[in-house]
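Residue strings, one per chain:
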Amino acid sequence: MNVPLNEVLGLSVILFGIGMFGFLARRNLILMLISIEVMLNAVNLSLAAFSWHLDDPRGQVMALFVIAVAASEVAIGLGLVIALNRNKPGAAVEDLKGLRW
Amino acid sequence: MAEVSFYYMALASVVSAVLAVTRPNPVHCMLWVLSLFLHVAGIFLLLGAEFLAAVQVIVYAGAILIFYLFVVMLIDLPDEETDARLGRHWPLAAIAGLSFAVLGALAWLGPLDAFADALPAAAESALTDSPGEGAVARIGRALFGPFALPFEIASLVLLAAIVGAVVLARKRTSQP
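Residues numbered from 1 in each chain as written. Chains lettered and ligands numbered in written order. Predicted model: local features only at pLDDT ≥ 70, side-chain atom pairs only at ≥ 80, totals over all residues.

1. Points about the overall build of chain A
When helices and strands are counted, chain A shows three helices and zero strands. Walking chain A from its N terminus toward its C terminus, one meets helices and strands in the order α-α-α. Rg of the C-alpha trace for chain A: 17 Å, well past the compact-globule value of 13 Å for 101 residues, more than 25% over. Each principal axis of the C-alpha distribution contributes one length, and for chain A these read about 50 × 25 × 25 Å. Burial status across chain A gives 62% buried among its 101 residues. Summarising the internal contacts of chain A: among those between residues at least 6 apart in sequence, 47% fall at separations of at least 24. (Helix = DSSP H or I, 4+ residues; strand = E, 2+ residues; numbered from the N terminus. Rg over C-alpha atoms; globule rule 2.2 N^0.38 Å. Buried ≥ 20, exposed ≤ 12 C-beta atoms within 10 Å, placed from the backbone. Contact = placed C-beta atoms within 7 Å.)

The following block contains the structure:
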């Protein structure tokens, strides 16, 4: 089982770029949140790769913390989507201009 | 064998991620993200992170994705399939995403090899494991040893998220 570190890091970077494109380009709040999940997964991948490469469990512990923070972020983000949905149906980001001057 | 399965899972996760951020139907997006999570869990297994793979499947694919699916089906998204699903500024977003491809090329073509070779020497002194322990036991020792305080703070973060989600999504019955 010899997966080179470089290739896992390259995959992680590609996934992060895809997630960033999705976050910046999509118009739907829920799909923007899903793109954040893609980015967090890419970061977890690089943490696990470093943990494996360095033979140190601390990388995996940090990935576990990232997963915990991702779970709370999803709960708050989707709670906000539901609260916004009460004012205006749908989840388009263009509708959120109440704070624009 | 491990090489072949790594390349399969890397390719499948990249394809799943691309489809997940570009499909018009939100439910299809969720299913492609599920495929991405499962393939990333497979890569975790190849990297010797069995516990992380199990948590990935249980928490990400099990809990978080079901939460997303609940919300997608709870709220009405009528114009998602007919309207433009990407904003007008999407070429800028594509440039921002593709700028990471340069970093990926650096990792792939090898200018960072010296960096990767330098890493083990720096970490040799940080190893604290006792021999004969499995990976899960080492994670448990790290989690309840040096990481005990962050572990407790993570539970506080989760508690705050639970309370916050209830407060945000609750219907306000009595307006002042």
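2. Regarding the overall build of chain B
Summing up its helical and strand segments, chain B has seven helices and zero strands in all. Along chain B, helices (α) and strands (β) appear in the sequence α-α-α-α-α-α-α when read from the amino end. Buried residues in chain B amount to 27% of all 176 residues. Of the contacts formed within chain B by residues at least 6 apart in sequence, a portion of 54% connects residues at least 24 apart.

3. Thoughts on the environment of Leu38(B)
Residues and elements named next belong to chain B. For leucine 38, the position within the fold is in helix α2 (residues 26-46). Expressed as a C-alpha distance, the spacing of leucine 38 and alanine 93, which sit 55 residues apart in the sequence, is 26 Å. Ignoring any residue separated from it by four or fewer positions in sequence, one finds leucine 38 in contact with Val57 and Ala61.

4. Digging into the interface of chain B and chain A
Contacts between chain B and chain A engage 75 residues on the former and 66 residues on the latter. Elements represented by at least two residues in the side of chain B that touches chain A include exactly α1 (2-22), α2, α3 (50-74), α4 (90-109), α5 (113-123), α6 (135-144) and α7 (148-169) of chain B. Broken down by element, the residue count for the side of chain B that touches chain A peaks at twelve residues, all from α4(B). Across the side of chain B that touches chain A, the residue classes break down as 63 nonpolar, six polar and six charged. (Nonpolar A, V, L, I, M, F, W, Y, C, P; charged D, E, K, R; others polar.)

5. Quick notes on the packing of helix α2 (residues 29-54) of chain A against α3(B)
In contact at an axis separation of 12 Å, α2(A) and α3(B) are set at 175° when each is read in the N-to-C sense. In this view, α2(A) runs roughly antiparallel relative to α3(B), as classed from their interaxial angle. Facing α2(A), whose interface residues are Ile30(A), Ile34(A) and Ala48(A), α3(B) presents Leu52(B), Tyr68(B), Val71(B) and Val72(B). Class assignment of the residues belonging to the contact of α2(A) with α3(B) gives a composition of seven nonpolar, no polar and no charged. (Axes fitted to C-alpha atoms, helices over the stretch in contact; angles between N-to-C directions. Parallel < 35°, antiparallel > 145°, perpendicular 65-115°, else oblique.)

6. Observations concerning the domain arrangement of chain B
Domain boundaries assigned for chain B yield domain 1 (1-83) and domain 2 (134-171). Measuring from the centre of the C-alpha atoms in domain 1 of chain B to the corresponding centre in domain 2 of chain B gives 23 Å. (Domains from an automatic or database assignment.)

7. Quick word on the nonpolar core
Among the nonpolar cores identified, the biggest contains 76 residues, and Ile30(A), Val38(A), Ala48(A) and Leu47(B) are the most heavily contacted of them. Only α1 (5-25), α2 and α3 (58-87) of chain A together with α1, α2, α3, α6 and α7 of chain B provide two or more residues apiece to this core. Counting residues per element, this core draws most heavily on α2(A), at 15 residues. Mapped onto the domain boundaries, this core takes at least three residues apiece from domain 1 (1-83) and domain 2 (134-171) of chain B. (Core = buried A, V, L, I, M, F, W, Y, C linked by C-beta atoms within 7 Å.)

8. Observations concerning the confidence of the model for chain B
All names here are of chain B. On average, chain B scores 82 in pLDDT, and the residues at 70 or more come to 80%. The model gives residues 122-129 a pLDDT under 50, and that stretch makes six contacts with residues more than four places away or in other chains. Confidence metrics for the complex model read pTM 0.86 and ipTM 0.91. (pLDDT = per-residue confidence, 0-100.)

9. A short note on α1(A)
End to end, α1(A) covers 30 Å across 21 residues, agreeing with the expected 30 Å (1.5 Å per residue, within 8%). Among the 21 residues in α1(A), 20 count as buried, and that is most of the element. (Expected span 1.5 Å × (residues − 1).)

10. Remarks on α3(B)
With 25 residues, α3(B) ought to run about 36 Å at 1.5 Å a step, and its terminal C-alpha atoms sit 34 Å apart, in line with that. The largest bend in α3(B) comes to about 30°, at Leu65(B). Within α3(B) the residues assigned to the buried category are Phe51(B), Leu52(B), Ala53(B), Val55(B), Gln56(B), Tyr60(B), Ile64(B), Tyr68(B), Val71(B) and Val72(B). Where α3(B) is buried, its residues touch α2 and α3 of chain A together with α2 and α6 of chain B. (Bend = angle between axes of the 7 residues up to and from the residue.)

11. Considerations on the environment of Ser5(B)
Within the secondary structure layout, Ser5(B) lies in helix α1. Sequence separation between Ser5(B) and Leu46(B) is 41 residues; the distance between their C-alpha atoms is 8.6 Å.

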